[in-house]
Amino acid sequence: MADLSLDFQFKKPIHKVWDALTDSNTLAKWVMENNFKPIVGYKCQFRNEEIDLIVDSEVLVVDKPHKLSYTWVGGPINTIVTWTLKEENGTTYVQLEQTGFENENIPAFNGAKYGWQYKIEELKKLLEEL
């Protein structure tokens, strides 16, 4: 098994970053269209009709504003995405982990790695507007 771990930081308060990770309308602006709700046990989907992708998710952990975890099942992958946030001196530090890949040499692992890096850049732009 292989796990993806990426670290980011934002010069924004933790509650703003948390909202961007949990608000369905905001998620749609930087991840994909979705019907996400930050409620443990809630089942939802992320959808990208342009590339015919549907990701099924179930919310596993909601510890506002410090930890959010949900399943990420779509295409060839069945993984868990976990966001861990902490704020220090006006900066919010975010760790993204996506666990459960078969290995690092599969296209889905690299797709997730580069995909999340791209999406986080979109999130940075969006947070500047909020």
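Look up a bit, the structure's there.
About the cut-offs
- Residues numbered from 1 in each chain as written.
- Predicted model: local features only at pLDDT ≥ 70, side-chain atom pairs only at ≥ 80, totals over all residues.
- Heavy atoms only, no water.
- Helix = DSSP H or I, 4+ residues; strand = E, 2+ residues; numbered from the N terminus.
- Expected span 1.5 Å × (residues − 1).
- Buried < 20%, exposed > 50% of the residue type's maximum accessible area, 1.4 Å probe, protein only.
- Contact = heavy atoms within 4.5 Å.
- Pairing = 2+ DSSP bridges.
- Axes fitted to C-alpha atoms, helices over the stretch in contact; angles between N-to-C directions.
- Phe/Tyr/Trp six-rings, centres within 6.5 Å; stacked < 30°, edge-to-face > 60°.
- Core = buried A, V, L, I, M, F, W, Y, C linked by side-chain atoms within 4.5 Å.

### Things to note about helix 3 (residues 107–129)
Reasoning step 1: With 23 residues, helix 3 ought to run about 33 Å at 1.5 Å a step, and its terminal C-alpha atoms sit 33 Å apart, in line with that.
Reasoning step 2: When we look at burial in helix 3, the residues that qualify are Ala 108, Phe 109, Ala 112, Trp 116, Ile 120, Leu 123, Leu 126 and Leu 127.
Reasoning step 3: Where helix 3 is buried, its residues contact strand 1 (2–10), helix 1 (14–22), helix 2 (24–30), strand 5 (67–74), strand 6 (77–88) and strand 7 (91–101).

### Quick word on the sheet that holds strand 5
Reasoning step 1: Overall, antiparallel pairing links the seven strands, which are arranged 1-7-6-5-4-3-2 in an open sheet. Where the open sheet ends on each side, the last strands, each with one partner, are strand 1 and strand 2 (33–34).
Reasoning step 2: Judged from the six bridges that link them, strand 3 (residues 43–48) and strand 4 (residues 53–63) form a sheet pairing that is antiparallel. Directly across from Gln 45, in strand 4, lies its bridge partner Asp 56.
Reasoning step 3: Against the sheet, helix 3 touches strand 1, strand 5, strand 6 and strand 7, its axis set at about 15° to strand 1.

### Some points on the packing of aromatic side chains
Reasoning step 1: Per the counting criterion, the structure on display carries nine aromatic pairs.
Reasoning step 2: Taking 6.2 Å as the distance between ring centres and 40° as the angle between the ring planes, the aromatic pair formed by Phe 36 and Phe 46 counts as tilted. Of this pair, Phe 36 sits in the loop between strand 2 and strand 3 while Phe 46 sits in strand 3, and the two are 10 residues apart along the sequence. As far as the burial class goes, Phe 36 and Phe 46 line up, both buried.

### Focus on the nonpolar core
Reasoning step 1: Grouped together as the largest cluster of nonpolar side chains are 38 residues, with contacts concentrated most on Trp 30, Phe 46, Tyr 70, Trp 72, Trp 83, Phe 101 and Trp 116.
Reasoning step 2: It is helix 3 that provides the largest number of residues to this core, a total of eight residues.

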